[in-house]
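Observations on the model geometry
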There are 2 protein chains.
Amino acid sequence: VWVHVNGRLVEETEATVSVFGRGFLYGDGIFESLRAIGGGIFRLDRHLDRLRRSAARIALEGLPDGGRLGAAIRDLIARNRLVDARIRITVTRGSGRPGDYAGAAGDPTLVIYAAPFQPLDPAVRERGVAVTLSSVRQVPADVLDPAVKSISRLSAVLARREAVARGAFEAILLDAGGHLTEGTVSNLFLVDAGRIRTPPAPGVGLPGVTREAVLEIAAGAGLQASEEPLPVSALDSAGELFLTNTSWEVLPVTRVDGRPVGAGVPGPVTLRLARDFRDLMRRECVHA
Amino acid sequence: VWVHVNGRLVEETEATVSVFGRGFLYGDGIFESLRAIGGGIFRLDRHLDRLRRSAARIALEGLPDGGRLGAAIRDLIARNRLVDARIRITVTRGSGRPGDYAGAAGDPTLVIYAAPFQPLDPAVRERGVAVTLSSVRQVPADVLDPAVKSISRLSAVLARREAVARGAFEAILLDAGGHLTEGTVSNLFLVDAGRIRTPPAPGVGLPGVTREAVLEIAAGAGLQASEEPLPVSALDSAGELFLTNTSWEVLPVTRVDGRPVGAGVPGPVTLRLARDFRDLMRRECVHA
């Protein structure tokens, strides 16, 4: 597997960054996770727009323009002979010196990774997954804007590890007011009496690209869908629950801390959105 | 300058870590900043204790024992022919794969950096520094334990950059309840009618090694000192204000967002603690 590091393609074992990089020193960087399907990249422009907004929100300067980033991703996919790929772009605020939090940093460091996409086990998808309400709270907006997809993710790592220790697939984070926000790497939706609801993003969570596509699909299908603050008690009355992200697509949740969601099996709205989202991805990527 | 990377001493340009390291991917690691003075390391055991506590709190396994870490630091100082040095130990949760937040990671990655100590300009110390009340809030304890000195520090980076943009030297972070917590890289003390006060740590901030030494000095000198929750309004009545950290030692603060603290010059309690702390450092390090 070749990896793009600052304009060069290098082998995986040579893919390194300086220990003086501000990514390694301070988590001072941002990333995006993307997918290629049938050789086409799903909503590349939306991901690059979000990367640019993340950069602007933390005043990270010197990001290459979208055309160059897109070309670099396509080159990497071609070099690695990939068709269905998982891609990660990481951009950090260049190099510094330990202790110099605010210092100038020179050019940003750019790393792009692309490897064969590893789909979820179909049995997991059919059965639906378990989630846990995390003991870790969502990072408040006045600490760090949740629309910044930053690499300072230790609290999410700890939430995810706690979830795995509890036998769950993902952790759901509440905010300080007890409202649902998102998962550690996913957006959260619930379906209540046919109505699709998700917490506002940007606002309390990351505005996911898959999340946005699901809202488009719902609107196009005439399904009622809204972004609104959701107290944790909304989980109790929800008939269906699902997660979205680039890798998981639309993933049914059938248990919350051991209690079944609705009938304990993936519900009809979730299954329809999962199918329609997959169709949309293939349509946009493979026939593009 | 030689750098320690996973048991090997390498030149600075060769000091790299994998882009698959969980430090670079997720900020999944911890660090300590230490000083050598006259060849001796100031309170090495306290720093290594704190590193071990940070590791335990994030369940980072495989940290080398204190004896091996201490020997590695001493070797590095000797190899770099340093007498007065700034040292940083960084430990991350080894390597992973993008997307695998909770995955096993193998051995941790250990990086130790030691370079000549760059003291503050004495004129800055004599005049005292300006601080700003940050628009960035302290990371709440239910998001990430503030006693964990983690490398997921983007919010602190942004606070520090804001401070510099406002012409201040350091940012003071409030918690969600409007209480003083700490600076981005320092602990905060105030002196009010002869009483020394600092926010509780662990609790709302990092239990700094310099902070602890200052509390010892105060107790030994019969000065009244307490750890207590301090509303932001405590700044208005404080006659003196100072910051502590390993590099800055006891650093007088003479302005808060443009307003003078007390008489606008370093106060007598601050100056005494600064002198006593410096004496303590030299006594413990040089004559050890």
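Criteria and thresholds
- Positions within a chain are numbered from 1, following the residues in the order the chain's sequence is written.
- Lettering of chains starts at A and numbering of ligands starts at 1, both following the order in which they are written.
- Totals for whole chains, interfaces and linings use every residue, but because this is a predicted model, local features are given only for residues with pLDDT of at least 70 and side-chain atom pairs only at 80 or more, for both listing and counting.
- Where side-chain values are given, they derive from all heavy atoms of the structure, hydrogens and water being excluded.
- A residue counts toward the fit only if its pLDDT is at least 70 in both copies, and the copies are then superposed by least squares on the C-alpha atoms of those residues.
- Note on contacts: a residue pair is in contact if any heavy atoms of the two residues lie within 4.5 Å.
- In this description, buried area is defined as the sum, over both parts, of the accessible area (probe of 1.4 Å) that is lost when the two are combined.
- We count a salt bridge whenever a side-chain nitrogen from Lys or Arg sits within 4 Å of a carboxyl oxygen from Asp or Glu.
- Contacts described as polar in this section are N or O atom pairs within 3.5 Å, which, within protein, must combine one atom able to donate a hydrogen with one able to accept it, while residues neighboring in sequence count only if both atoms come from side chains.
- Numbering of helices and strands runs from the N terminus, with a helix taken as a DSSP run of H or I at least four residues long and a strand as a DSSP run of E at least two residues long.
- Three categories are distinguished: nonpolar for Ala, Val, Leu, Ile, Met, Phe, Trp, Tyr, Cys and Pro, charged for Asp, Glu, Lys and Arg, and polar for the others, with Gly belonging to the last.
- When DSSP finds two or more bridges between two strands, those strands count as paired.

1. Description of the relation of the copies chain A and chain B
In the superposition of chain A on chain B (RMSD 0.0 Å, axial shift 0.0 Å), the rotation amounts to 180 degrees. Taken together, the turn and the small shift mark the pair as related by a two-fold rotation axis. For chain A, the minimum C-alpha distance to the rotation axis belongs to S152(A) and amounts to 2.0 Å. Comparing interface residues between copies, 100% of those in chain A also sit at the interface in chain B, which points to an isologous, same-surface contact.

2. Focus: the interface of chain A and chain B
Between chain A and chain B, the contact holds 56 residues from the first and 56 residues from the second. Summed over both partners, the interface of chain A with chain B comes to about 4,700 Å²; 66% of that surface belongs to carbon and sulfur atoms. Interface area lost by chain A to chain B is led by F24(A), Y101(A) and L154(A), which between them contribute 18%. At the boundary of chain A with chain B, the tally comes to zero salt bridges. Linking chain A with chain B are 17 residue pairs in polar contact (both at pLDDT 80 or more), by the criterion used here. For the side of chain A that touches chain B, the secondary structure elements donating two or more residues are β3 (16-18), α1 (22-26), β4 (29-37), β6 (85-92), β7 (109-116) and α5 (154-165) of chain A. Here the residues of the side of chain A that touches chain B sort into 29 nonpolar, 15 polar and twelve charged. Inspection of the sheet shows β3(A) paired to strand β3 (residues 16-18) of chain B by three bridges, in the antiparallel sense. What sits directly across from S18(A), in β3(B), is T16(B).

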